[in-house]
2 protein chains.
Amino acid sequence: MHPSLDQAMAESAERVAAVMHTLLPGLRPDAAGVLHTSPPEAPLWEAMRYGALGGGKRLRPFLVLESAKLFAVDLGQALRTAAAVEFVHCYSLIHDDLPAMDNSDLRRGKPTVHKQFDDAIAVLAGDGLLTYAFEVLADAETHPDAAVRCALVTALAQAAGPAGMVGGQMMDLVAERTPFDLAETTRLQRAKTGALFGFSARAGAILGQAAERDHQALTGYADAMGLAFQIADDLLDVEGTEAATGKPVGRDAAAGKATFVSLLGADAARRRATELADEAGRSLAPFGAAADNLKAVAQYVVNRQS
Amino acid sequence: MHPSLDQAMAESAERVAAVMHTLLPGLRPDAAGVLHTSPPEAPLWEAMRYGALGGGKRLRPFLVLESAKLFAVDLGQALRTAAAVEFVHCYSLIHDDLPAMDNSDLRRGKPTVHKQFDDAIAVLAGDGLLTYAFEVLADAETHPDAAVRCALVTALAQAAGPAGMVGGQMMDLVAERTPFDLAETTRLQRAKTGALFGFSARAGAILGQAAERDHQALTGYADAMGLAFQIADDLLDVEGTEAATGKPVGRDAAAGKATFVSLLGADAARRRATELADEAGRSLAPFGAAADNLKAVAQYVVNRQS
């Protein structure tokens, strides 16, 4: 990784983690404002914290913060938005890891939420994080203008919902039984992972009430970067190790599922990922050097080892 | 049921169902606006429709519509809000019925979503309905004032989230292993079912930008009505039949879980439910005859057979 990107991502991850900690304290007052020292709902909060605060690259929050810098958005507003999108990402991992879904025991090198707690708590922890993300966005602390907060809620719901991430996960289930071609695989990945990258990259433009052409530039960036990210993910599933990635590898090939690597071959997939990273960078031309970190992210996601 | 309430609830359920049908069409354009005739995400939309459109009393939507009438709220706004809260209620049933949770095969006299489809699709259908509810609320069609839409998103997220319904479901899991007393059982039910009734009853006051004392009156109503509803539910679990309720009965007693009936005895529980229904009605005194349907609902939930 480029040293300055490395440092910028680490700083961003630390700042976002601090806000996520504050938003997910270990004990919460109930609806009546009473703080119970060991309430029966405590395992839910513990599981939400375990699923959300246990590390990860915090790539989506980084996109939010870098996008926010382009429009001189207040850092506190950007951090709350970054935390919300990471809550949604973490909820999706918790549900995706369930026995009913991917049945994964390992995530970020640790037991998955349903292994650490149980299946029922994992369902609820995901539901809780998803719901809480919208509460965070709709709060006046996220932006003084309610129209901006509504735009954030709308954009996140569309990116995460049935026309976005959840729809992509449904396609992914079908892809286990049906041979998908390149167009179908591309459409699947745009929904499953691309839509949330798109929200993250556009979040600064929403918070900064930027012009439509800025939204379009960031959407173009996120689309190319998201596909590059997924191709790299498919390459890691073939060529990576569990030790390096912190999660099981070789799952797609074992399931006979179409991936960019199975469809294109490893070499062509690698070339395509590089092309897409360059394309992502070119989309950011209007922002000049202010977007250098975002351009570097597109290169990073292609070259990462985990 | 009181004949006029019967008719009002049936009319409300029909109107809300029509809006829910429109919001959940059988085929949806993708993010690029393309309508696929048989897209791989189709089973998700089918499962969402199956879980949301298959009947039910539509009690929460009725509360929204009746609350909206008190403040002369536009019917279209009230119907969209009613649909959103019903999507959240239906998502909670889909997840609650999962093998990892209550493991129920029957709901409203039909196979539950995970029996009709599969466990993975049921997880995603619940996630999709929950996310979509916030998209519906944040849309300008729900209210022209973004501050009102944000207030709806905040109130629904708080009612449905970890400090509300999801937290109540977590308490419910703990209650299967720990003997809860009356105070704990009351707190559990306020979170698990009361919070969403509270949102529904207050929704009209939010849409109508009503005074704080109106919010308080409706909150008092929903709190007493919700507890009366739950006591009646516990009585039905002991005294009802699967044929009448459309879902399995005797589950709580079999699980050894504390209920209002096990804690108070059936006779005292019945008396308490009647007292609470009367208390709910008295909370609505400031609204006079305009709140007669809401008062009748509180009596109805105590006397219902399903």
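Only a predicted model underlies this, so the values are computations on that prediction, with no experimental measurement involved.

Regarding the overall build of chain A
Here is step 1: Helix and strand counts for chain A come out as 15 helices and two strands.
Here is step 2: In terms of its C-alpha atoms, chain A occupies a principal-axis envelope of roughly 60 × 45 × 35 Å.
Here is step 3: Taken over 306 residues, chain A has a buried fraction of 56%.
Here is step 4: Residue pairs in contact within chain A that sit at least 24 positions apart in sequence constitute 73% of those at least 6 positions apart.

With respect to helix H8 (residues 165–175) of chain A
Here is step 1: Of all the eleven residues making up H8 of chain A, nine are buried; the element is thus mostly covered by neighbouring parts of the structure.
Here is step 2: When H8 of chain A is considered as a whole, its buried residues turn out to be Met165, Val166, Gly167, Gly168, Gln169, Met170, Met171, Asp172 and Ala175 of chain A.
Here is step 3: In this structure, the buried residues of H8 of chain A make contact with helix H4 (75–96), helix H7 (146–160) and helix H9 (182–207) of chain A together with helix H2 (42–53) and helix H6 (119–138) of chain B.

Description of the relation of the copies chain B and chain A
Here is step 1: With an RMSD of 0.0 Å, the operation that places chain B on chain A is a rotation of 180° combined with a shift of 0.0 Å along the axis. These values place the two chain copies in the arrangement generated by a two-fold rotation axis. Considering only C-alpha atoms, the part of chain B nearest the rotation axis is Ala146 of chain B, at 2.7 Å.
Here is step 2: Comparing interface residues between copies, 96% of those in chain B also sit at the interface in chain A, which points to an isologous, same-surface contact.

Looking at the interface of chain B and chain A
Here is step 1: With 49 residues of chain B in contact, the opposing surface of chain A contributes 47 residues.
Here is step 2: Elements supplying a minimum of two residues to the side of chain B that touches chain A: H2, H6, helix H7 (146–160), helix H8 (165–175) and helix H9 (182–207) of chain B.
Here is step 3: The leading source of residues in the side of chain B that touches chain A is H6 of chain B, at twelve residues.
Here is step 4: Partitioning the side of chain B that touches chain A into residue classes produces 31 nonpolar, nine polar and nine charged.

Here's the deal with the nonpolar core
Here is step 1: In this structure, Leu156 and Ala228 of chain A together with Leu156 and Ala228 of chain B are the most contacted members of the largest nonpolar core, which totals 210 residues.
Here is step 2: Aside from chain neighbours lying at most four places away, what touches Ala228 of chain A is Ala273, Leu276, Ala277, Ala280, Ala298, Val301 and Val302 of chain A.

So, the packing of H9 of chain B against helix H10 (residues 212–239) of chain B
Residue and element names in this part refer to chain B.
Here is step 1: Where H9 contacts H10, the axes come no closer than 8 Å and their chain directions differ by 140°. When the axis of H9 is compared with that of H10, the two are oblique. Between H9 and H10 lies a crossing of right-handed hand. Each of Thr186, Gln189, Arg190, Thr193, Gly194, Phe197, Gly198, Ala201, Arg202 and Ala205 in H9 lies in contact with H10, whose residues at this interface are Asp214, His215, Leu218, Thr219, Tyr221, Ala222, Asp223, Met225, Gly226, Leu227, Phe229 and Gln230.
Here is step 2: Across the contact of H9 with H10, the residue classes tally to nine nonpolar, nine polar and four charged.

Some remarks on the environment of Ala138 of chain B
Here is step 1: Position of Ala138 of chain B among the secondary structure elements: in helix H6.
Here is step 2: Residues Ala138 of chain B and Leu276 of chain B, spaced 138 residues apart in sequence, show a C-alpha to C-alpha distance of 34 Å.
Here is step 3: When residues no more than four places from it in sequence are discounted, the contact partners of Ala138 of chain B are Cys150, Val153, Thr154 and Ala157 of chain A together with Arg149 and Val153 of chain B.

Overview of unusual backbone geometry
Residues and elements named next belong to chain A.
Here is step 1: Phi at Ala72 takes a positive value of approximately 55°, unusual for a residue other than glycine.
Here is step 2: With respect to the helices, strands and loops of the structure, Ala72 is situated in the loop between helix H3 (59–70) and H4.
Here is step 3: The backbone of Arg108 sits at a positive phi, close to 55°, despite the residue not being glycine.
Here is step 4: Look at Arg108 and you get partly exposed, because 15 C-beta atoms sit within 10 Å.

Looking at the environment of Ala175 of chain B
Here is step 1: Among the structural elements, Ala175 of chain B can be located in helix H8.
Here is step 2: Since 22 C-beta atoms lie within 10 Å of it, Ala175 of chain B is described here as buried.

Quick notes on the confidence of the model for chain A
Here is step 1: The pLDDT averaged across chain A works out to 93; a share of 95% of its residues lies at or above 70.
Here is step 2: Interface confidence for the predicted complex, given as ipTM, is 0.94, next to a pTM of 0.95.

Overview of the environment of Ala72 of chain B
Here is step 1: Given 10 C-beta atoms within 10 Å, Ala72 of chain B falls into the exposed group.
Here is step 2: With 136 residues separating them along the chain, Ala72 of chain B and Gly208 of chain B place their C-alpha atoms 7.2 Å apart.

Quick notes on the rules
Residues numbered from 1 in each chain as written. Chains lettered and ligands numbered in written order. Predicted model: local features only at pLDDT ≥ 70, side-chain atom pairs only at ≥ 80, totals over all residues. Helix = DSSP H or I, 4+ residues; strand = E, 2+ residues; numbered from the N terminus. Buried ≥ 20, exposed ≤ 12 C-beta atoms within 10 Å, placed from the backbone. Contact = placed C-beta atoms within 7 Å. Least-squares fit on C-alpha atoms with pLDDT ≥ 70 in both. Nonpolar A, V, L, I, M, F, W, Y, C, P; charged D, E, K, R; others polar. Core = buried A, V, L, I, M, F, W, Y, C linked by C-beta atoms within 7 Å. Axes fitted to C-alpha atoms, helices over the stretch in contact; angles between N-to-C directions. Parallel < 35°, antiparallel > 145°, perpendicular 65-115°, else oblique. Left-handed = near helix turned anticlockwise from the far one by under 90°. pLDDT = per-residue confidence, 0-100.

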